[in-house]
Amino acid sequence: MNPALGLLRREIAIAWGRGGGLMVTGGFFAGATLLLPLASGPEPERLAQIAPGAAWTVLALSALLGLERLFERDYEDGALDLMAHASLPLEFTCALKCLGHWLATGAPLAVLAPLAAIALGASPALAPLLFACALAGGLAFAFTGGIGAALSLGARRGGLLTAVIVLPLFVPPVIFGGGALHALDSGLPWRAGFALLGAYAAAAVALGPLAMAAACRNALS
Amino acid sequence: MTQALAFLYNPHRFMAFSAWAAPILGALALGLATAGLWLGFTAPEDYQQGDTVRIMFIHVPAAWLGLFVYLCLGGASFLSLVFRQALADAAARAAAPLGAVFTGLALVTGSLWGKPMWGTWWVWDARLTSVFVLFLFYLAYMALRAAIDDEAKGARAAAILALVGLVNIPVVHWSVEWWNTLHQGRTVFAAGGSRAASVFLVPLLLMSLSYMAGFGSLWLVRIRGEVWRRRAAAAESRLAR
């Protein structure tokens, strides 16, 4: 079997199964969405105003969840050492790990995000754009998040540290996606924000693996 | 530039250089600050902002320095990562808390300025938000450094993060600008010459130079402290054997 495909399949299986996967991230997503109307009051007009932004924020937070498992387990059981010495370049391996993580958790959340926004009272016309934004944004979150996960290998309280490192890097995609949604909601041109979100995701996919591989090599050295 | 850096790479030469450069820069900072504050407090009141315009002399240089120190941090991290220079790593480590303090000072004074001017402590406008994100970058750098027990590994991980931040800060800045612009636009470096009156510009310039010199002095002192700390640790491990 093609080693790259095999690795991707393994990563998806790990991210999806063993207590991870949609049950956890989807459950977190649903729970955090539930808290919003409980905290800010159930008035439909007010909720409808903040619904797309709220769904988008909760999506960004949910993207943090599985990051701790992305490299930590492989680092602890030695699999990462094998990957660093395998024929596949470590950069490519890191990219595949992030891709698998996104396919198993980010992509399913992209389906849930429009549902949550509509449940909060957003116009159903927003749903296609929110779905597309969540797909592209999820890719950006997975690849920038991978940098944080790789950097905090070997650190104490790695999961919390990953979140502290990664959240500032989430600022541009959150702005671009939120801007596109807001523009569509108020009848303005939304393509610019969506295109910028896609550009950020593409840059993260291209450059993120370099930083991740450097961080993994450093942790293994 | 590269020759100057190559000269300073040698820790002995660096220690000899910084032993007199740090006090001179410190004295220069104090002198410039005295002149800048004197001119700043004797400047006439702004016709719109009244006395509160004087916060500018504290606030604007702090914001500039917050960004400038990050550039220093990124440059030093690059040198330590690519050329494995121990002194460059000491410089990066020494710069981070200073940058965080300047950024924090810019946030606090900006907030104090915003209350009388805009009627609110904080607005989510472009400049404030991007300075806030810069502050978070400093926090993340220091948190990562502190959380990894192996010092060499922590240093390299933090250097990688600093470079990631260096790529990201222009993007963050630009994206935040795109998101919202309510803060007043560029004044000092506006196209077609400055729009600020020279009574305000001269003290602002003096204060900026004072901040720069003060940062240089504190930076050198902190790098010296870091070099001493490492020498002490090395001596300790020699004794233990």
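Residues numbered from 1 in each chain as written. Chains lettered and ligands numbered in written order. Predicted model: local features only at pLDDT ≥ 70, side-chain atom pairs only at ≥ 80, totals over all residues.

Colleague: Explain the overall build of chain B to me, please; I cannot follow it from the model alone.
Modeller: Across its full length, chain B holds 7 helices and 0 strands. Secondary structure of chain B in N-to-C order comes out as α-α-α-α-α-α-α. (Helix = DSSP H or I, 4+ residues; strand = E, 2+ residues; numbered from the N terminus.)

Colleague: Looking at this model, I keep getting lost on the overall build of chain A. Mind explaining?
Modeller: The secondary structure content of chain A amounts to 10 helices and 0 strands. Each helix (α) and strand (β) of chain A, taken in turn from the N terminus, gives the series α-α-α-α-α-α-α-α-α-α. Its C-alpha atoms give chain A a radius of gyration of 18 Å, near enough to 17 Å, the size a compact globule of 221 residues would have. With respect to the principal axes defined by its C-alpha atoms, chain A has extents near 55 × 35 × 35 Å. Burial analysis of chain A (221 residues in total) assigns 50% to the buried set. Considering only intrachain contacts with a sequence separation of at least 6, the fraction spanning at least 24 residues in chain A is 81%. (Rg over C-alpha atoms; globule rule 2.2 N^0.38 Å. Buried ≥ 20, exposed ≤ 12 C-beta atoms within 10 Å, placed from the backbone. Contact = placed C-beta atoms within 7 Å.)

Colleague: Got a minute to help me understand the confidence of the model for chain B in this structure?
Modeller: It should be kept in mind that the predicted coordinates are not to be read in detail where pLDDT is low. Residues and elements named next belong to chain B. On average, residues of chain B score 83 in pLDDT, and 87% of them are at 70 or above. Summarising per-element confidence for chain B, the mean pLDDT is lowest in helix H1 (residues 2-9) (69) and highest in helix H3 (residues 56-82) (90). Under a pLDDT of 50 for its full length, residues 181-185 has, in the predicted model, 8 contacts with residues more than four places off or in other chains. Here the prediction assigns the complex a pTM of 0.86, and the interface score ipTM is 0.86. (pLDDT = per-residue confidence, 0-100.)

Colleague: Where do I start with the interface of chain B and chain A in this structure?
Modeller: When the parts come together, some accessible area is lost, and that loss is often what is quoted as the size of the interface. At the junction of the two partners, chain B supplies 22 residues and chain A supplies 23 residues. Those elements that place two or more of their residues in the side of chain B that touches chain A are helix H5 (126-147) and helix H6 (151-179) of chain B. A per-element tally of the side of chain B that touches chain A places H6(B) first, with 12 residues.

Colleague: I keep staring at the packing of helix H9 (residues 171-185) of chain A against H6(B) and nothing clicks. Help me out?
Modeller: Between two packed helices, the angle of one axis relative to the other and the distance separating the axes together describe the packing. Across the interface, H9(A) lies against H6(B) with an axial gap of 9 Å and an inter-helix angle of 25 degrees. On the basis of the axis angle, H9(A) is roughly parallel to H6(B). In the packing of H9(A) onto H6(B), the handedness of the crossing is left-handed. Facing H9(A), whose interface residues are A:Val171, A:Pro172, A:Ile175, A:Phe176 and A:Gly179, H6(B) presents B:Val171, B:Val172, B:Ser175, B:Val176 and B:Trp179. Class assignment of the residues belonging to the contact of H9(A) with H6(B) gives a composition of 8 nonpolar, 2 polar and no charged. (Axes fitted to C-alpha atoms, helices over the stretch in contact; angles between N-to-C directions. Parallel < 35°, antiparallel > 145°, perpendicular 65-115°, else oblique. Left-handed = near helix turned anticlockwise from the far one by under 90°. Nonpolar A, V, L, I, M, F, W, Y, C, P; charged D, E, K, R; others polar.)

Colleague: Which parts of the structure should I look at to understand the nonpolar core?
Modeller: Note that soluble globular proteins tend to have their nonpolar side chains buried in a common cluster. Grouped together as the largest cluster of nonpolar side chains are 138 residues, with contacts concentrated most on A:Ala55, A:Ala215, A:Cys216, B:Ala95, B:Leu144, B:Ile160 and B:Leu161. The greatest single-element share of this core, amounting to 14 residues, is contributed by helix H7 (residues 127-151) of chain A. Beyond its immediate chain neighbours, meaning those up to four positions away, A:Cys216 contacts A:Phe71, A:Leu80, A:Ala84, A:Leu90, A:Cys94, A:Ala150 and A:Leu153. (Core = buried A, V, L, I, M, F, W, Y, C linked by C-beta atoms within 7 Å.)

Colleague: What's the story with the packing of helix H8 (residues 158-169) of chain A against H5(B) in this structure? I'm lost.
Modeller: Between H8(A) and H5(B), the least distance of the axes is 9 Å, while the angle of their chain directions is 150 degrees. With respect to H5(B), the element H8(A) is oriented roughly antiparallel. Two packed elements cross with a definite hand, and for H8(A) against H5(B) that hand is left-handed. Where H8(A) abuts H5(B), its residues A:Leu161, A:Val164, A:Ile165, A:Leu167 and A:Pro168 lie against B:Val133, B:Leu136, B:Phe137, B:Leu139, B:Ala140, B:Ala143, B:Leu144 and B:Ala147.

Colleague: Explanation requested: the confidence of the model for chain A in the structure shown.
Modeller: Looking at chain A as a whole, its pLDDT mean stands at 87, while 98% of the residues score no less than 70. For chain A, the element scoring lowest by mean pLDDT is helix H2 (residues 21-40) of chain A, at 83; H7(A) scores highest, at 92.

Colleague: Just checking my understanding: could you explain the environment of B:Ala143 for this structure?
Modeller: The residue B:Ala143 is located in helix H5 in this model. For the pair formed by B:Ala143 and B:Ala158, sequence separation is 15 residues and the distance between their alpha carbons is 9.1 Å. The residues touching B:Ala143, leaving out its near neighbours within four places in the chain, are A:Leu161 and A:Val164.

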